[in-house]
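Survey of secondary and tertiary structure
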Amino acid sequence: MIKVEAIIRQERFNDVKNALATAGFPGLTTYEVKGRGRQMGYTLTFRGKEQQIDLLPKMKIELVIKEEDLDKVIELIRQKAFTGNIGDGKIFTYRIDEVIRVRTGEKGENAL
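Below is a short write-up of the structure. (Residues numbered from 1 in each chain as written. Predicted model: local features only at pLDDT ≥ 70, side-chain atom pairs only at ≥ 80, totals over all residues. Heavy atoms only, no water.)

Right, let's talk about the sheet that holds strand 5 (residues 56–65) for a bit. The strand order across the open sheet formed by four strands is 2-5-1-6, and the pairing between neighbours is antiparallel. Only two strands of the sheet have a single neighbouring strand rather than two, namely strand 2 (29–35) and strand 6 (89–95). Across the sheet, the mean angle from the axis of one strand to that of its neighbour is 20°, orientation sign disregarded. Pairing analysis gives seven bridges linking strand 1 (residues 2–9) to strand 6, with the strands arranged antiparallel. In the sheet register, Ile7 faces strand 6, and the bridge partner there is Lys90. (Pairing = 2+ DSSP bridges. Helix = DSSP H or I, 4+ residues; strand = E, 2+ residues; numbered from the N terminus. Axes fitted to C-alpha atoms, helices over the stretch in contact; angles between N-to-C directions.)

Written as structure tokens, this is what we have:
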């Protein structure tokens, strides 16, 4: 099993979420986060004063999937999160040793 974490632009979140659900991956956890990468934010002029905005709002999506679905999920997230501009986001993957469904006690892929 693989955990996929994607940090994407907020305005692309609904497209990614809907595409994942349509493709058979409805279960996910989301967070509103702030961060920065290479773009290092931007400078905003407000009432004549410059302000450096260096932590930008993003959405973090987490889901655990079967290993054989990894390429499909990554490509789906990439396609739907893509704008072509700096700051489109990142996707991280991690191996998961065990998953246990709290309600039933099911383990492994059956718990997904």
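Once that is clear, we can look at the nonpolar core. The tendency in soluble globular proteins is for nonpolar side chains to be buried side by side. The biggest cluster of nonpolar side chains holds 18 residues, and the ones touching the most others in it are Val4, Ile8, Leu20, Leu63, Ile65 and Val73. Of all the secondary-structure elements, those providing two or more residues to this core are strand 1, helix 1 (13–22), strand 5 and helix 2 (70–81). Broken down by element, the residue count for this core peaks at five residues, all from helix 2. Excluding residues within four positions of it along the chain, Val73 makes contact with Val4, Leu20, Phe25, Leu63 and Ile65. (Core = buried A, V, L, I, M, F, W, Y, C linked by side-chain atoms within 4.5 Å. Buried < 20%, exposed > 50% of the residue type's maximum accessible area, 1.4 Å probe, protein only. Contact = heavy atoms within 4.5 Å.)

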